[in-house]
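One-letter residues, chain by chain:
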Amino acid sequence: MPRRLALLGAAVLLLVTLVACSRSSPVNRRPHTGSATASAVAGVQTVTIEATDDFRFIPSTIYVHPGKVRIVLVHTGTGAPHNWSLTSFPADFVPLVSGQGQKAEATFTAPSPGKYQFVCTLHVRQGQTGTMVVLPN
């Protein structure tokens, strides 16, 4: 009897381990898509980014040059609210958009050339991230 209990315990432990390892939501495995280059109007580079119900930004890669950048965040889903934050520069932040079609924006100065990560601070764990590439002038 003790051997059966030991085998049963090992089987339960294996099952729990397998379930825990596969708990990653399918949303987390969805690809990041699209790229866009900011368009400059009156000295301000503007990029519109959609925040979706599947916890992705569209586009997920944006290209800008050093200087003033305006990010317009549009909620295209019907679910959770979203925001936009450049992780290394917390002042570069677009506040919450909480309903379908709602927009918010922020203007900031892009840093020196390089790659910078942006996130929805509410959904980083679900994979709502992207990359801002600052190109040389």
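Residues numbered from 1 in each chain as written. Predicted model: local features only at pLDDT ≥ 70, side-chain atom pairs only at ≥ 80, totals over all residues. Heavy atoms only, no water.

Novice: Residues and numbers for the overall build of the protein chain, please.
Specialist: Looking only at helices and strands, the protein chain features one helix and 11 strands. Mapped in sequence order, the helices and strands of the protein chain form the string α-β-β-β-β-β-β-β-β-β-β-β. A separation threshold of at least 6 residues defines the contact pool for the protein chain, and within that pool the share at least 24 residues apart is 62%. Carbon and sulfur atoms make up 60% of the accessible area of the protein chain, which totals about 8,000 Å². (Helix = DSSP H or I, 4+ residues; strand = E, 2+ residues; numbered from the N terminus. Contact = heavy atoms within 4.5 Å. Areas by Shrake-Rupley, 256 points an atom, 1.4 Å probe, with all protein chains shown as cover.)

Novice: Could you give an account of the pairing of strand β10 (residues 114-119), naming the residues involved and the relevant values?
Specialist: Residues in a regular strand project their side chains so that they alternate between the two faces of the sheet. As paired elements, strand β7 (residues 82-86) and β10 share two bridges and run antiparallel to each other. Bridge pairing links Leu86 to Phe118 in β10. (Pairing = 2+ DSSP bridges.)

Novice: Could you give an account of the pattern of salt bridges, with specific residues and numbers?
Specialist: Applying the stated criterion across every chain, the model contains one salt bridge. One salt bridge connects Glu105 with Arg70, and the closest N-O pair in it is separated by 3.3 Å. Here the residue Glu105 occupies a position in strand β9 (residues 103-110), and Arg70 occupies one in strand β6 (residues 67-75), the gap between them amounting to 35 residues. (Salt bridge = Lys/Arg side-chain N within 4 Å of Asp/Glu carboxyl O.)

Novice: Please set out unusual backbone geometry residue by residue, giving values where relevant.
Specialist: The step from Ile58 to Pro59 runs through a cis peptide bond, and the omega angle for that step is 0°. Tracing the backbone through its elements, the reader meets Pro59 in the loop between β4 (57-58) and β5 (61-64). Here the phi dihedral of Phe55 falls at roughly 60°; this positive angle occurs in a residue that is not glycine. Along the chain, Phe55 turns up in the loop between β3 (44-51) and β4. On the basis of relative accessible area, Phe55 is assigned to the buried category, the value being 18%. (Buried < 20%, exposed > 50% of the residue type's maximum accessible area, 1.4 Å probe, protein only.)

Novice: Requested: an account of the nonpolar core, with residues and values cited.
Specialist: Ile49, Ile71, Trp84 and Met132 are the most contacted members of the largest nonpolar core, which totals 23 residues. For this core, the secondary structure elements donating two or more residues are β3, β5, β6, β7, β8 (89-97), β9, β10 and β11 (129-134). No other element matches the four residues that β9 contributes to this core. Setting aside chain neighbours within four positions, we find Ile71 in contact with Val47, Ile49, Ile62, Trp84, Val94, Ala104, Glu105, Ala106 and Phe108. (Core = buried A, V, L, I, M, F, W, Y, C linked by side-chain atoms within 4.5 Å.)

Novice: Which residues make up the environment of Thr109, and what are the values?
Specialist: With respect to the secondary-structure elements, Thr109 resides in strand β9. Residue Thr109 is classed as exposed on the basis of its relative accessible area, which comes to 56%. With 42 residues separating them in the primary sequence, Thr109 and Gly67 have C-alpha atoms 5.0 Å apart. Excluding residues that lie within four positions of it along the chain, Thr109 makes contacts with Gly67, Lys68 and Asp92.

Novice: Describe the packing of aromatic side chains, and please don't skip the residues or the numbers.
Specialist: Under the counting rule described, the total for this entry stands at four aromatic pairs. For the pair Trp84 and Phe108, a centre-to-centre distance of 5.8 Å together with 25° between the ring planes defines the contact as stacked. Of this pair, Trp84 sits in strand β7 while Phe108 sits in strand β9, and the two are 24 residues apart along the sequence. Here Trp84 and Phe108 have matching classes, each one buried. Summarising the aromatic geometry, the rings of Trp84 and Phe118 are spaced 5.2 Å apart at their centres and angled 35° between planes, so their arrangement reads as tilted. Of this pair, Trp84 sits in strand β7 while Phe118 sits in strand β10, and the two are 34 residues apart along the sequence. In this structure Phe118 comes out as buried when scored by relative accessible area, which is 0%. Each residue in the set Phe57, Trp84, Phe108 and Phe118 is aromatic and connected to the rest through ring pairs, giving one cluster. (Phe/Tyr/Trp six-rings, centres within 6.5 Å; stacked < 30°, edge-to-face > 60°.)

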